[in-house]
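Residues per chain are reported as follows:
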Amino acid sequence: MATAASTVFVYKGVDKKGSKVEGEVSGTSSALVKAQLIKQGINAKTVRKKPKPMFGGSKSIAPQDIAIFTRQMATMMKAGVPLVQSFDIVAEGVESEALRTLILSIRDDIASGTSFASSLQKHPRQFDDLFCSLVDSGEQSGALETMLDRIATYKEKTEIIKAKIKKAMTYPIAVVAVALIVTGILLVKVVPQFAETFSSFGGQLPAFTLFVLGISETVQEWWLIMLVAIVASVFAFKEANQRSKGFSANVDKLMLKLPIVGNIVYNSIIARYARTLSTTFAAGVPLIEALDSVAGATGNAVYTKAVYTIRDDVSTGIQLNAAMRKTNIFPSMILQMTAIGEESGALDEMLDKVANYYEEMVDNLVDSLTSLLEPLIMSVLGVLVGGLMIAMYLPIFQMGQVV
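Source: prediction; values computed, not measured.

## Some words on the overall build of the protein
Each helix and strand counted, the protein has 15 helices and three strands in total. Overall size of the protein, expressed as C-alpha extent along the three principal axes, is 95 × 65 × 35 Å. Residues classed as buried in the protein amount to 37% of the 403 residues present. Considering only contacts within the protein whose residues lie at least 6 apart along the sequence, 58% involve residues at least 24 apart. In the structure as shown, the protein presents an accessible area of about 22800 Å², 60% of it carried by carbon and sulfur atoms.

## Overview of the pattern of salt bridges
Oppositely charged side chains can pair when the atoms bearing their charge come close. The full count for this structure, using the stated rule, is 13 salt bridges. One salt bridge connects E97 with R100, and the closest N-O pair in it is separated by 2.8 Å. Residue E97 and its partner R100 are both found in helix α4 (residues 97–111); the two are separated by three residues, about one turn of the helix. Of the charged contacts in the structure, one is a salt bridge between D292 and R311, with a shortest N-O distance of 2.6 Å.

## Digging into the environment of R100
Along the chain, R100 and A31 lie 69 residues apart, while their C-alpha atoms are 22 Å from each other. Separated by 2.3 Å, the side chain of R100 and the backbone oxygen of V94 make a polar contact.

## Some words on helix α12 (residues 301–315)
An ideal rise of 1.5 Å per residue puts 21 Å on 15 residues; α12 measures up with 21 Å between its terminal C-alpha atoms. Buried within α12 we find Y303, A306, V307, I310, D313 and V314. The buried residues of α12 all sit within an arc of 120° when viewed along its axis, so they share a single face. Within α12, the exposed residues directed more than 90 degrees away from the buried face are K305 and S315. As for α12, its buried residues are in contact with α9 (245–257), α10 (261–282), α11 (287–297) and α13 (320–327). Just downstream of α12 lies G317, where phi reads positive at about 110°.

## A closer look at the nonpolar core
In terms of nonpolar packing, the biggest core is built from 75 residues, with F116, Y273 and L320 touching the most fellow members. Element by element, the count of residues in this core is highest for helix α15 (residues 347–402), at eleven residues. Apart from residues lying up to four places away in sequence, F116 is in contact with L83, F87, I106, I110, V135, E139, L144 and L148.

## Describing the packing of aromatic side chains
For the structure on display, the rule yields nine aromatic pairs. In textbook terms, an aromatic cluster arises when at least three aromatic residues are bridged by ring pairs, as seen for F69, F87, F116, F127 and F131.

## Observations concerning the environment of V285
Checked against the element boundaries, V285 lands in the loop between α10 and α11. Residue class for V285 comes out buried when judged on its relative accessible area of 10%. In this structure, the C-alpha to C-alpha distance between V285 and L134, residues 151 residues apart in sequence, is 7.9 Å. With near-sequence residues (within four places) excluded, V285 lies in contact with L134, S137, T280 and A290.

## Regarding the confidence of the model for the protein
Residues at a pLDDT of 70 or more form 93% of the protein, whose mean pLDDT is 82. The model gives residues 54–58 a pLDDT under 50, and that stretch makes two contacts with residues more than four places away or in other chains.

## Remarks on the side chain of D109
Looking at where D109 falls in the secondary structure, it is placed in helix α4. For D109, a relative accessible area of 14% gives the class buried. Apart from residues lying up to four places away in sequence, D109 is in contact with T114, S119 and K122.

## Some details on the packing of α13 against helix α14 (residues 332–344)
A pair of packed helices is captured by two measures, namely the crossing angle of their axes and the spacing between those axes. Following both chains from N to C, one finds α13 and α14 inclined at 165°, their axes separated by 8 Å at the closest point. What the angle tells us is that α13 and α14 run roughly antiparallel. Between α13 and α14 lies a crossing whose hand is left-handed. Here α13 contributes L320, N321, M324 and R325 to the contact with α14, which in turn contributes I334, L335, T338, A339 and E342. Classifying every residue of the contact of α13 with α14 by side-chain character gives five nonpolar, two polar and two charged.

## Details of α14
For α14, which comprises 13 residues, the first-to-last C-alpha distance of 18 Å matches the rise-based estimate of 18 Å (1.5 Å per residue) to within 8%. Listing the buried residues of α14 in full gives I334, L335, M337, T338 and G341. One or two steps after α14, the chain reaches G345, where phi turns positive at roughly 75°.

## Comments concerning the environment of A295
The residue A295 is located in helix α11 in this model. Since its relative accessible area comes to 0%, A295 is described here as buried. As for A295 and V307, which are separated by twelve residues in sequence, their C-alpha atoms are 5.4 Å apart. Once residues lying within four places of it in the same chain are set aside, the contact partners of A295 are T304, V307 and Y308.

## Things to note about unusual backbone geometry
Despite not being glycine, N328 has its phi angle at roughly 60°, a positive value. Looking at the element boundaries, N328 is found in the loop between α13 and α14.

Rules behind the numbers
- Residues numbered from 1 in each chain as written.
- Predicted model: local features only at pLDDT ≥ 70, side-chain atom pairs only at ≥ 80, totals over all residues.
- Heavy atoms only, no water.
- Helix = DSSP H or I, 4+ residues; strand = E, 2+ residues; numbered from the N terminus.
- Buried < 20%, exposed > 50% of the residue type's maximum accessible area, 1.4 Å probe, protein only.
- Contact = heavy atoms within 4.5 Å.
- Areas by Shrake-Rupley, 256 points an atom, 1.4 Å probe, with all protein chains shown as cover.
- Salt bridge = Lys/Arg side-chain N within 4 Å of Asp/Glu carboxyl O.
- Polar contact = N/O pair within 3.5 Å; in protein donor to acceptor, adjacent residues only side chain to side chain.
- Expected span 1.5 Å × (residues − 1).
- Arc of directions from axis to C-beta.
- Core = buried A, V, L, I, M, F, W, Y, C linked by side-chain atoms within 4.5 Å.
- Phe/Tyr/Trp six-rings, centres within 6.5 Å; stacked < 30°, edge-to-face > 60°.
- pLDDT = per-residue confidence, 0-100.
- Axes fitted to C-alpha atoms, helices over the stretch in contact; angles between N-to-C directions.
- Parallel < 35°, antiparallel > 145°, perpendicular 65-115°, else oblique.
- Left-handed = near helix turned anticlockwise from the far one by under 90°.
- Nonpolar A, V, L, I, M, F, W, Y, C, P; charged D, E, K, R; others polar.

Take a look at the structure:
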């Protein structure tokens, strides 16, 4: 049976002492909110839904916000603060209205008798199956504060890796985009001005200058179609990547084969695999169920398929390290560490060390890529802009030699 979504209500009324009070509270209906306020000793005169801002609205909740929320909850629980009160304290310090509403909604569910994990499952966009299953394990074992600490560490590490990957991909794309925009402006606005000047010379223009003028004329005539084609291509790529599993899988395969960037993606996948499996196994989740969670956390279709194959092999009695070795896509280090962990009974500790190693490797690779790209991008910009300038001034230099 579906549960009604919680909404923020604004109320005004009087308390037991007759003093006027007002505030906000989450609930599924105004009637339930009034009943909730009566239990708190408040006689509500007006209860209405909080109006949404006319422009913009609240920002969406980012994964980093969830990581911070989890860390704060873990800290509160370790300090001995009761669970419901912990939500109140964390919500007061949150700047995002959307996140505050989410926290208060979960608090209200728990206060009404719902389990923490069940409350989180009502918000699948913010809390995935892995998050909910780990919280459920913490509740069942009576070690929720320890589990929240592990989840917070996992989320923080995962978001750091994602940020590193985005940094590695975004920087060159942004600079190349700026270079193309600058080149386009020069071709459309600057080069035509030189062309008008050259037309009065009457002499033969250099071949390089004629080549650039030809590009300029083409861009001026077709720039709108070019722009539409680029936007349509980007949109079509995103749609195909989201809607077609086959297309998405091919993109994932291609990402692993790209020079330099492919190595970063590969190491980040291994880090996520080891981190997720270490966290779930340490939480007491059975290995078969843990591998289900790991498959979705790899973020790459090639490794998702491989992890499901590993899960099927492990369910037949094959050791984890042997099942991983059969796929031929895992580095020897993680295979050896997994084997040691299985033999010593410390699989979670070994995988944690593997995750730390590959996360550090991703950091180093991203730093190296940034250092390599900076001079390369500057060279490309120099060639583009400098080449255009040389093409425009060549006729002037020729005139000077003739004179």
